[in-house]
Amino acid sequence: MVLKMQNKDMLPTIVFCNNRILCEEMALYLANKDINFNSDYQNPYADSLIDKLAESKQIDEKFLNLVNHGIGWHHSGMSPNMKSIIEALFRIGKIKIVFATATLALGIHMPCKSVVFMDDQIYLDSFQFRQAYGRAGRRGYDQIGYIVFFDIPFKKINRLMGSYVPELRPHFPLSVTFTMQLFDCVLKSKSRQNISIDCVLFKSYWNFMYSKVNQVGYYAIFSLNFLFDLGILNEKGKFSTFANILERMHYHEPSNLLFYYMIVNNLFHDLIVRNHKLTELQKMSKIMTIMCYLFNRVSLDRRRKKEISLPKLDKERSSYFPVTFMVQSDK
């Protein structure tokens, strides 16, 4: 197939395959067959660049042999430096064919003349297909771009060609913990100006689609006031010692904030004092029950209603929560 594409002047090309090992094996197979795609390529800049990379040992002999044949691979298992070398050599025309996974299709500048889809995978959906085939056809070089399907059923090809682009739906970009992390970045920054923070607060996709006013900015102000009321942020703009713990537990929000509230108000200590007649194991059981309600809330399967993972909170333990929890279980 590759030789036919070369004879029809369809190179350079990117072959998309979702298997890293297969990408490397196909590249090595073509190199071992002594198929050279760079027989008529002459570029002193590319040759000097490859020589410098070889002298600094940034590329090994196997990689150098592939480059000399105009072949390469690109996947997320490679180091960032190696991926940058592949991208640069492909852009200047030293590499004519790259075997790559779908990560190459997102946000990497590597235009080509043709794109090949091979090895039918469940990950090859309409979104990935449109991201990848958009590489075919170099502006200013090619009048037409080519799409080649290899070992993919005709039904899936028709479905991919006629599918609609998935709708991009924005999500609200902020949370209380994320606001704390952004504010911490501002405090640690020397210039006190962070471009990423400006993009989140004022240039987010949520604001562009839904919010006529800067709803994200108002939520950031509310979050800072909330952190100040909890005592996590003081008047000087510095965070308490528990801030790092809350940032580490950001995926448990709002349970991480509730956990902080219970610690600073000595609620765990009060629970132990009130139940001083219980054994150490019983005290630990009460504390672990509360911790499980905070951080281990797993939805039960409807087919297994009779299996309850956690006991009900009694009135004493439920009183430690500043909000009311409605717990339902089937007996």
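Note that the structure is predicted; figures quoted are calculated from it, not measured.

Even after reading the chapter, I still don't get the sheet that holds strand β4 (residues 114-118), so can you show me in this structure?
Within a beta sheet, neighbouring strands are joined by backbone hydrogen bonds and run either parallel or antiparallel to one another. Taken in spatial order, the five strands make up an open sheet running β2-β3-β1-β4-β5, and their pairing is parallel. What marks the edges here is a single partner per strand, and that holds for β2 (71-74) and β5 (146-150). Direction aside, the axes of adjacent strands within the sheet are offset by 20° on average. Here β4 runs beside β5; their pairing, made up of five bridges, is parallel. Within the sheet, the bridge partner assigned to phenylalanine 117 lies in β5 and is phenylalanine 149.

Honestly, helix α14 (residues 267-274) in this entry has me stumped. Any pointers?
Along an α-helix, residues three or four apart share an orientation, since each turn contains 3.6 residues. Within α14, the full set of buried residues consists of Leu267, Phe268 and Leu271. Projection of α14 onto a plane perpendicular to its axis shows the buried side chains occupying an angular sector of 105°, all on one side.

Just to check I follow, could you spell out the pairing of β4 for this structure?
Successive side chains on a regular strand alternate, one facing one side of the sheet and the next facing the other. Burial analysis of β4 places five of its five residues in the buried class, which makes it a mostly covered element. The two faces of β4 match: Ser114, Val116 and Met118 on one face and Val115 and Phe117 on the other face are all buried. Here four bridges tie strand β1 (residues 13-16) to β4, and the two strands are oriented parallel to one another. Among the inter-strand pairings, phenylalanine 16 is bridged to a residue of β4, identified as phenylalanine 117. Crossover β4 to β5 through helix α6 (residues 126-133) is right-handed.

Looking at this structure, I do not really get unusual backbone geometry. What am I missing?
Negative phi characterises most residues that are not glycine, and trans characterises most peptide bonds. With an omega of 5°, the peptide bond between leucine 11 and proline 12 qualifies as cis. Tracing the backbone shows proline 12 in the loop between α1 (2-7) and β1. A cis amide bond links glutamate 253 to the next residue, proline 254, at an omega of 10°. Looking at the secondary structure, you find proline 254 in the loop between α12 (243-248) and α13 (255-264).

Looking at this structure, I do not really get the pairing of β2. What am I missing?
Neither face of β2 is open: one carries Ile71 and Trp73, the other Gly72 and His74, and all of them are buried. Judged from the four bridges that link them, β2 and strand β3 (residues 97-100) form a sheet pairing that is parallel. Bridging from a neighbouring strand, histidine 74 pairs with alanine 100 of β3.

Help me out: how do you make sense of the pattern of salt bridges in this one?
Oppositely charged side chains can pair when the atoms bearing their charge come close. Taken as a whole and assessed by the stated rule, the structure comprises three salt bridges. A salt bridge links aspartate 47 to lysine 94, with the nearest nitrogen and oxygen atoms 3.7 Å apart. Of the two residues, aspartate 47 sits in helix α3 (residues 44-55) while lysine 94 sits in the loop between α5 (80-91) and β3, which places them 47 residues apart along the sequence. Overall, aspartate 47 belongs to the partly exposed group, its relative accessible area being 35%. With a relative accessible area of 8%, lysine 94 lands in the buried category. Arginine 138 serves as the salt-bridge partner of aspartate 142, at 2.8 Å between the closest nitrogen and oxygen. For arginine 138, a relative accessible area of 22% corresponds to the partly exposed category.

What is the right way to read the packing of aromatic side chains from this model?
The relative placement of two aromatic rings is captured by the distance of their centres and the angle of their planes. All told, the structure shown has ten aromatic pairs when counted by the stated rule. Pairing phenylalanine 117 with phenylalanine 149 gives two aromatic rings, centres 5.7 Å apart and planes at 20°, and the pair type is stacked. With phenylalanine 117 in strand β4 and phenylalanine 149 in strand β5, the pair connects residues that are 32 residues apart, well separated along the chain. Accessibility expressed as a relative area gives 23% for phenylalanine 149, which makes it partly exposed. Between tyrosine 219 and phenylalanine 222 the ring centres are 5.9 Å apart and the planes differ by 50°, which places this aromatic pair in the tilted class. With a gap of three residues between them, tyrosine 219 and phenylalanine 222 both fall in helix α11 (residues 215-230), about one helical turn apart. Judged by its relative accessible area of 25%, tyrosine 219 falls in the partly exposed class. Clustering of aromatic rings is evident, with ring pairs tying together Phe16, Phe117, Phe129, Tyr133 and Phe149.

About the thresholds
- Residues numbered from 1 in each chain as written.
- Predicted model: local features only at pLDDT ≥ 70, side-chain atom pairs only at ≥ 80, totals over all residues.
- Heavy atoms only, no water.
- Pairing = 2+ DSSP bridges.
- Helix = DSSP H or I, 4+ residues; strand = E, 2+ residues; numbered from the N terminus.
- Axes fitted to C-alpha atoms, helices over the stretch in contact; angles between N-to-C directions.
- Buried < 20%, exposed > 50% of the residue type's maximum accessible area, 1.4 Å probe, protein only.
- Arc of directions from axis to C-beta.
- Right-handed = clockwise from strand over helix to strand, strands pointing away.
- Salt bridge = Lys/Arg side-chain N within 4 Å of Asp/Glu carboxyl O.
- Phe/Tyr/Trp six-rings, centres within 6.5 Å; stacked < 30°, edge-to-face > 60°.

Purely geometric numbers; function is a separate question.
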